[in-house]
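# Overview (structure and organization)
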Amino acid sequence: MLTLYHHPFSPACRFVRLVLAEYGVRHELVIERPWERRREFLALNPGGFVPVIRENDGPPVVGAGPILEYLDETRGYSQGDRRLMPDHPDARAEMRRLNDWFLHKFEDEVVGHLVHERILKLEIPAKQGGGSPESAVLRAARANLRHHMRYIDYLSVTRKWLSGERLSFADLAAAAELSCADYLGEVPWSETEHAKAWYARVKSRPSFRPLLTEVVRGLPAAATYDDLDF
């Protein structure tokens, strides 16, 4: 049995959950609130961040990138055409570039701020930085979001999937990030029709369904969040 330590509105954790579902990996979910600095979790990851997976009594695998590689090396070979890692080295390099773009650059410039300010601050105690969102941070994230959405729109119109001809890890990384922003109603879908059509395809996959059932207490999802035909 594989265990994933996660937070429901961590984009990186959502990415790992999508990969697990696409590869059909049975797993158990353990919610982790990193700001609590739980001793047992720190023993697995002294860095104190999610996601972390552990399979049976094996060593922990920490971070979305290493987890991606671990799952592909242990499960991807048996997936055939459903493998999320491209076959050609050039295509793999492009997939990894985009995967890093979405899980780090997009996260650092946009989604991480939206999630922290509007969702996590509702859970984090005031003495640890919780409380009201900072409007200046939200304004910057929203401005950056439009730049990233134009890039996703460009990728969507020039390729079948974001990194090439097949669904890949890059699509799941981008969709995981966007799902959190979409919950908050922050994505300007009317400005990026091709990105919207691509996201609708990913959101309609069975692997996405569990994400669309999750809610933040006291903060309802935007109308587009669980609408597959938005």
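Residues numbered from 1 in each chain as written. Predicted model: local features only at pLDDT ≥ 70, side-chain atom pairs only at ≥ 80, totals over all residues. Heavy atoms only, no water.

This part covers the pairing of strand 3 (residues 52-55). Sheet faces and side chains relate simply in a regular strand, where the side chains alternate between the two faces. When strand 1 (residues 2-6) meets strand 3, the two strands line up antiparallel, connected through four bridges. Within strand 3, the position partnered with L2 by the bridge is E55. In this structure, strand 3 lies alongside strand 4 (residues 61-62), joined through two bridges in antiparallel fashion. Bridging across to strand 4, I53 finds its partner in V61. (Pairing = 2+ DSSP bridges. Helix = DSSP H or I, 4+ residues; strand = E, 2+ residues; numbered from the N terminus.)

The pairing of strand 1 with strand 2 (residues 27-31) spans five bridges and is parallel. Its bridge partner lying in strand 2, T3 is registered against E28. This β-α-β element, strand 1 to helix 1 (residues 11-22) to strand 2, shows right-handed connectivity. (Right-handed = clockwise from strand over helix to strand, strands pointing away.)

In this section: the layout of surface pockets. Empty space within the largest pocket amounts to approximately 480 Å³. Along the walls of the largest pocket sit 22 residues, with S10, P11, A12, V50 and E107 positioned nearest its centre. Looking at the lining of the largest pocket, the elements with two or more residues in it are helix 1, helix 3 (64-75) and helix 4 (89-123). A total of eight residues in the lining of the largest pocket trace back to one element, the largest contributor, which is helix 4. Among the residues forming the lining of the largest pocket, the class breakdown is 12 nonpolar, seven polar and three charged. Estimated volume of the second largest pocket: approximately 190 Å³. If you trace the second largest pocket, you find it lined by H7, P8, F9, I31, R33, E123, V215, V216 and R217. (1 Å grid on protein atoms, 1.4 Å probe; cavity = no way out; pocket = protein on both sides within 12 Å on 5 of 7 lines; lining within 4 Å. Points joined across faces, edges and corners; volume = space filled by probe spheres on them. Nonpolar A, V, L, I, M, F, W, Y, C, P; charged D, E, K, R; others polar.)

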